[in-house]
Amino acid sequence: MKAIRRFTVRTVLPESLGALGELATNLRWSWHEPTLQLFTSIDPALWERTGHDPVALLGEVSPARLEELANDHAFVGRADALLDDLHNYLSEPRWYQSLENAPTSIAYFSPEFGIAAALPQYSGGLGILAGDHLKSASDLGVPIIGVGLFYRAGYFRQGISREGWQQESYPVLDPDGLPLSVLRNPDGSAAQVALALPDDRVLHARIWQAKVGRVPLLLLDTDITANPEELRGVTDRLYGGGGEHRLLQELLLGIGGVRAVKIFTELTGSPAPEVFHTNEGHAGFQGLERISDLIGTGLSFAEALQVVRAGTVFTTHTPVPAGIDRFDRSLVERYFSTDLLPGVQVADVLALGAESYDGGSPSTFNMAVMGLRLGQRANGVSQLHGEVSRGMFGGLWPQFDAEDVPITSVTNGVHAPTWTDPAVLDLVSDRLGAWDTTSCDWRNEAITDRDLWEMKGRMRAQLVTDARRRLTASWNEQNPGAGVPAWFSDLLDPEVLTIGFARRVPTYKRLTLMLHDRERLRKLLTHPERPVQLVIAGKSHPADDEGKRLIQELVQFASEPDVRTRIVFLPNYDIGMAQLLYPGTDVWLNNPLRPLEACGTSGMKAALNGSLNLSILDGWWAEFYDGENGWAIPSADSAGDAAERDALEAESLYDLIENQVAPRFYDRGADGVPTRWVASMRHTLATLSPALSADRMVKEYVERLYVPAAQSERAVSDAGFAGGRDLAAWVTRVRAAWPAVHVAHVESGGVDTVPQVGDQLHVRAHVTLGDLSPSDVKVEVVYGRARDEDRLAEVERARLEVEGTEGDATAFAGTVRLARAGSFGYTVRVTPRHELLATPAELGLVAIA
Ligand SMILES: *Cc1c(COP(=O)(O)O)cnc(C)c1O
């Protein structure tokens, strides 16, 4: 029989164990080792069975055990001390509190958040990154409010059939059994947001609150009785349905999200955000809701747009076209031709998402494009991805060179306390008395080579045990009652060079590249002296049969008798698995099609645990590979076609494993320690741990984006939005006048017929400004090496100053020192100038000589 209704009854804890309840509901436990140990010690077997979930653990632990613990003074003392520690953590000043002029608070929107295995509200990298962002923000004291959706079934649970085919199931989550609480009004009723929909329907959502250390995370949930049946399912699962379902989710996330933040700040008295950060385009509608609010206070759309842009940061995460969120323009039109956003005209909405550039589609509404138009500051997630994004979105700033496109980059990082194995922490605390693996001195001789090697050995053995457990469970699920084959006890070997490879399975990540030459792979796996073993995991999007076929190919190869103990596919890749997988590997493999991996974070998590990377020079690895921390698989960019490229890159991969990776790993000293290998591990830990940590990333976001955005936001908002009104009026005036702006002619002097290094080139440009005044523009000489067809490379710029007017032209002049020999070229460009513009390209206006 099926229940018609379900709920979770929470345990009533004995009074002396009150601390446990509070410790369980703040997700800081998920990255605080002493608190994790406390929960484990309550009942280690149950801790495993509940998937490391304190709320579930407390719900299921036997009353007798609770009674026992309640009378155990040492345990009660430990729990109370940890609660004190949590209270200190929540209130003491941290890094952010020493900054000046920093935003009072920042709202961070993301369609998914990967915080802990116990709160499965993520599908992959985007969500894990968002979770890590919140955790580091908490550790640094950054006042962020996270905003997302609560998905009733999260993403999906992956099983693998006997034929190797991915099977999805959607276990339903019970929010009452999760570390969440409903946000309530003072009268005790649940706070709700409401969105007007076409046909006079209304979408309601309640607001769950999770505590991520100091950071509140608000999750909107439509599964409530206020909604008709078909709307209750809007937040059913992550990336579930197509067009309209997805649009509803994103309307709720963006518009409902801003409304939820407002309710939250009013109810709790915490400061309203000055900066809004949207993690990828999905949450882009947040800007429209804020525009609507401002229109309500008397601003025009154009004025409100300037105010909203000033305080908005947009992060783009993918150069893969299929990863960019697009809707039918007509669908968006229908949803905004309602009372959804009072004061906002549907034509203005449509213009923000229009692909109005070469190659764009007139019937498409593009969320990334809207994100760029609504955010004065934007970034990609590695240096290479920044560059690729400037090229990819360059059409929005025609006439500007790619390097002028206003998209910077902040390279991703990973939250070290979450992703560093306790074995690593144990070692540094034992030998160095340090509690931070990212700032300790890894070169200190108190940590010996043997220590490092034994640490890795423990983590490798732990992975082998976990892999066997998972594969046994999966076998039993597929073959009930059949009993596990004898060879399962030989699955993987804790002494063998272990290579990890785990990811979502879109085609560009090339899950099966390693299968390119099966015989060669077989030889590597079964090498008599230097064998290799591979641990692989990953989910394919449910609608992606091609991805599922790749998984199947791999699973089938991995079941061949001569290799099956050396290559395994672990079903249901998630945070819980990942936390053992990265530390257990000696080498992390990544072989995307360059440059489609925007950043990639799994290799970072491996590096924090002393694994070496073996990767295509894409994403973060293109920035951090230094010849000592791993290996670069050469990209065969110039190959004739995709098949040839795969073949070449696969050959390089095999060559590297055979000739470099395995020999170094198996080159042992008399004491059995591979000294050369351990030197690379130590180098990796010393150099990459600080650089790859999410603390570094969040500090960069704060210093380079949030603080400047807050300054801009204040400049446009102060004194009743005077700055915003001025800026909007100025933009309108400049746009109207721009067609008359020309560089009439340019004179130069000061250089002989044979120019020499050190000469001063005098440049005078005569510019017609039409209705603009000289202070409205910036005139620059742009110079550098002249390349083919006179294209400039290694470009620099020097400002030209007003000299006077002659007729209807204004003269601007300045000098450039010729600093190096070789070809030299220059030109003059005019761009709009206003102190509230963040970059010269912002308005897309330029006049070039
Ligand atoms: C880190 C992580 C990812 C993302 O890995 P990428 O290398 O960035 O693609 C996906 N899933 C889980 C469970 C992770 O821990």
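Remember, predicted model here, so these are calculated numbers, not experimental data.

> Hey, could you run me through the site of the ligand in this one?
If you check the shell around the ligand, you find 14 residues, and the closest are Lys 509, Tyr 582, Thr 601, Ser 602 and Lys 605. At a separation of 3.2 Å, an oxygen atom of the ligand approaches a polar side-chain atom of Tyr 582. For the ligand, an oxygen atom lies 2.5 Å from a polar atom in the side chain of Ser 602. Sorting the residues of the shell around the ligand by element identifies helix 7 (125-140), helix 21 (575-584) and helix 22 (602-607) as the ones contributing at least two each. Element by element, the count of residues in the shell around the ligand is highest for helix 21, at three residues. Residue composition of the shell around the ligand, grouped by class: six nonpolar, five polar and three charged. Both domain 2 (101-409) and domain 3 (494-690) contribute no fewer than three residues apiece to the shell around the ligand.

> Looking at this model, I keep getting lost on the layout of surface pockets. Mind explaining?
Any space left empty among the atoms is revealed by the rolling of a water-sized probe across them. Put simply, the second largest pocket is a space of about 780 Å³. Lining the second largest pocket are 30 residues, with Leu 305, Arg 309, Arg 373, Arg 735 and Glu 842 sitting closest to its centre. For the lining of the second largest pocket, the secondary structure elements donating two or more residues are helix 11 (301-310), helix 13 (346-352), helix 14 (367-374) and helix 26 (694-737). For the lining of the second largest pocket, the element with the highest residue contribution is helix 11, accounting for five residues. For the lining of the second largest pocket, the per-class residue count stands at 16 nonpolar, nine polar and five charged. A domain-level breakdown of the lining of the second largest pocket finds at least three residues from each of domain 2 (101-409) and domain 4 (741-848).

> I keep staring at the packing of aromatic side chains and nothing clicks. Help me out?
For any pair of aromatic rings, the description rests on two quantities: the centre-to-centre distance and the angle between the ring planes. Evaluated as defined, the whole model comprises 24 aromatic pairs. Between Trp 620 and Phe 624, the aromatic rings sit 6.1 Å apart at their centres with planes inclined by 45°, giving tilted as the arrangement. With Trp 620 and Phe 624 both in helix 23 (residues 619-624) and four residues apart, the pair spans about one turn of that helix. The two residues Trp 620 and Phe 624 agree in class, both being buried. Pairwise contacts between aromatic rings join Trp 453, Trp 631, Phe 665, Tyr 666 and Trp 677 into one cluster. Directly above the aromatic system of Tyr 89 lies the positively charged group of Arg 28, at a separation of 4.2 Å from the ring centroid. Against the face of Phe 665 rests Arg 668, its NZ or CZ located 5.0 Å from the ring centre.

Cut-offs and rules
Numbers given for residues are sequential positions, taken from 1 along each chain in its written order. In keeping with the model being predicted, local features are shown solely for residues with a pLDDT of at least 70 and side-chain atom pairs are shown and tallied solely at 80 or more, while totals for entire chains, interfaces and linings include all residues. By convention in this description, side-chain values take in all heavy atoms of the structure and omit both hydrogens and water. If even one non-hydrogen atom of a residue comes within 4 Å of a molecule or strand, that residue is called near it. Any N or O atom pair separated by 3.5 Å or less is treated as a polar contact, with the protein-specific requirement of one donor-capable and one acceptor-capable atom, and with residues adjacent in sequence counted only for side-chain atom pairs. Put simply, DSSP marks the helices as runs of H or I at least four residues long and the strands as runs of E at least two long, and each gets a number from the N terminus on. Polar here means any residue other than Ala, Val, Leu, Ile, Met, Phe, Trp, Tyr, Cys and Pro, which are nonpolar, and Asp, Glu, Lys and Arg, which are charged; Gly is therefore polar. Those domain boundaries reflect an automatic or database domain assignment. Only protein atoms enter the 1 Å grid, on which a cavity is a set of points fitting a 1.4 Å probe that cannot get out and a pocket is an open set with protein on both sides within 12 Å along at least 5 of 7 lines, lining residues being those with an atom within 4 Å of a point. Grid points are joined across faces, edges and corners, and a volume is the space filled by probe spheres set on the points. Any pair of Phe, Tyr and Trp rings, taking the six-membered ring for Trp, is counted once the centres come within 6.5 Å. Such a pair is stacked with planes under 30 degrees apart, edge-to-face with planes over 60 apart, and tilted for the rest. Here the term buried applies to any residue with accessible area under 20% of the maximum for its type, exposed to any over 50%, and partly exposed to those in between, with areas from a 1.4 Å probe on protein chains only. Whether a charge sits over a ring comes down to the Lys NZ or Arg CZ being within 6 Å of the ring centre and within 35 degrees of the ring normal.

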